[in-house]
Amino acid sequence: MVLVRKEFGYPVMATPYSQIVGAQAIENILSGKRYERFTDEAIKYLMGLYGEPVVPVDPNVMDRVMSLSRAKEFINWKPAGYDKPIEEMRREIGPDLSDDDLLLKLLIPGKPVKRGEPKKAPAPQAAKPKAPVVPTAELPTEFAVEVDGEVFNVKISPKWNGAGAATAAEAEKPEAAKRPKDIPRELCSAAWRA
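Residues numbered from 1 in each chain as written. Predicted model: local features only at pLDDT ≥ 70, side-chain atom pairs only at ≥ 80, totals over all residues. Heavy atoms only, no water.

Participant: Give a detailed account of the packing of helix H6 (residues 86–93) against helix H7 (residues 99–107), specifying residues and quantitative values.
Facilitator: Packed helices, taken two at a time, are described by the angle their axes make and the gap between the axes. At a closest axis distance of 11 Å, the pairing of H6 and H7 adopts a crossing angle of 85 degrees. One way to sum up the angle between H6 and H7 is to call them roughly perpendicular. Facing Ile-86, Met-89, Arg-90 and Ile-93 of H6, the residues of H7 in contact are Asp-99, Leu-102, Lys-105 and Leu-106. Grouping the constituent residues of the contact of H6 with H7 by class yields five nonpolar, no polar and three charged. (Axes fitted to C-alpha atoms, helices over the stretch in contact; angles between N-to-C directions. Helix = DSSP H or I, 4+ residues; strand = E, 2+ residues; numbered from the N terminus. Parallel < 35°, antiparallel > 145°, perpendicular 65-115°, else oblique. Contact = heavy atoms within 4.5 Å. Nonpolar A, V, L, I, M, F, W, Y, C, P; charged D, E, K, R; others polar.)

Right under this line is the structure:
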């Protein structure tokens, strides 16, 4: 898709250009040969019917498109109802369409995609009471943890909420714990370059 976008003159990857580029990339893969087949929308785009690309289209791709008989059919192409006033087109196509959807429908006719109802957020579930956290005999509660050559003794014990129930386990900070060592500046800049 990246190569197709480059060869198409770097169109903005927003509707409808992203679909045109993506569909052409799929056509290239499915046909087994680059630019063996073109979608109608790709032909229209490359001929400048959707506006001029930011960067000139690859000359080889442009030559391939202009040699197609289908391209000759689009030489004087105008969207359906091109000469009608916008108010009349809106009444015919869909008065409830946004301006963007109306323009897309005019430029790319066909069966409209039905947009689903917005998904409703699931109802919040009632919070279930949590059982007290009590360390079991099978699980260790004290550890020796080595960090950068320094050994820290860590003890995990329940934290009581004052009402006689354990809430969550927390680690005790050893008194001998030192603040983390600074990372050498050379390593920091090397990470940014990577």
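Participant: Pulling in residues and values, what's your account of the packing of aromatic side chains?
Facilitator: The relation between two aromatic rings is expressed through the spacing of the ring centres and the mutual angle of the planes. Here the structure, examined in full by the defined rule, presents four aromatic pairs. Judged by centre distance (5.9 Å) and plane angle (20 degrees), the rings of Phe-8 and Tyr-45 are stacked. With Phe-8 in the loop between helix H1 (2–7) and helix H2 (17–31) and Tyr-45 in helix H3 (residues 40–46), this pair connects stretches of sequence that are 37 residues apart. Per residue, the accessibility class of Phe-8 equals that of Tyr-45, and both read buried. What makes Tyr-45 buried here is its relative accessible area of 3%. Members of the aromatic cluster, joined through ring pairs, are Phe-8, Tyr-17, Tyr-35, Phe-38 and Tyr-45. (Phe/Tyr/Trp six-rings, centres within 6.5 Å; stacked < 30°, edge-to-face > 60°. Buried < 20%, exposed > 50% of the residue type's maximum accessible area, 1.4 Å probe, protein only.)

Participant: Which residues make up the nonpolar core, and what are the values?
Facilitator: Core analysis: the biggest nonpolar cluster contains 19 residues, and Phe-8, Phe-38, Ile-43, Leu-46 and Val-61 have the highest contact counts within it. In terms of residue count, H3 provides more of this core than any other element does, four residues in total. Among all residues touching Ile-43, those that are not within four sequence positions of it are Phe-38, Val-65, Leu-68, Arg-70, Ala-71 and Phe-74. (Core = buried A, V, L, I, M, F, W, Y, C linked by side-chain atoms within 4.5 Å.)

Participant: An account of a nonpolar patch on the surface is requested, with residue identities and associated values reported.
Facilitator: Where nonpolar side chains cluster on the molecular surface, the patch consists of Phe-143, Val-145, Val-147 and Ile-156 and spans about 280 Å² of accessible area. Among the elements that take part in the nonpolar patch, strand S1 (residues 142–147) stands out by supplying three residues, more than any other. Along the chain, Val-147 turns up in strand S1. Judged by its relative accessible area of 40%, Val-147 is partly exposed. (Patch = residues over 30% accessible without salt bridge, like charges linked within 9 Å, V, L, I, M, F, W, Y side chains within 5 Å. Areas by Shrake-Rupley, 256 points an atom, 1.4 Å probe, with all protein chains shown as cover. Salt bridge = Lys/Arg side-chain N within 4 Å of Asp/Glu carboxyl O.)

Participant: Lay out the pattern of salt bridges with the relevant residues and their values.
Facilitator: Close approach of charged atoms lets side chains of opposite charge pair. Tallied over the entire structure, the rule returns eight salt bridges. The salt bridge involving Arg-70 is made with Asp-40; its shortest N-O contact spans 2.6 Å. You can see Arg-70 sitting in helix H5 (residues 69–73) and its partner Asp-40 sitting in helix H3, a full 30 residues away along the chain. Arg-90 is the salt-bridge partner of Asp-99, the closest N and O atoms lying 2.4 Å from each other. Exposure remark for Asp-99: the relative accessible area of 52% places this residue in the exposed category. A cluster of three or more residues bridged by salt bridges with shared partners is formed by Asp-40, Arg-70 and Glu-73.

Participant: Could you give an account of H2, with specific residues and numbers?
Facilitator: Across its 15 residues, H2 extends 21 Å between first and last C-alpha, which sits within 8% of the 21 Å expected from 1.5 Å per residue. For H2, the complete set of buried residues consists of Ile-20, Val-21, Gly-22, Gln-24, Ala-25 and Asn-28. Packed against the buried residues of H2 are H1 and H3. Looking one or two places after H2, you find Gly-32, whose phi comes out positive at around 80 degrees. (Expected span 1.5 Å × (residues − 1).)

Participant: Which residues make up the confidence of the model for the protein, and what values do they have?
Facilitator: Here the protein averages 77 in pLDDT, and 68% of its residues register 70 or above. The model gives residues 168–177 a pLDDT under 50, and that stretch makes 17 contacts with residues more than four places away or in other chains. Per-residue pLDDT stays below 50 along residues 188–194; that stretch engages in one contact with residues further than four places along the chain or on separate chains. (pLDDT = per-residue confidence, 0-100.)

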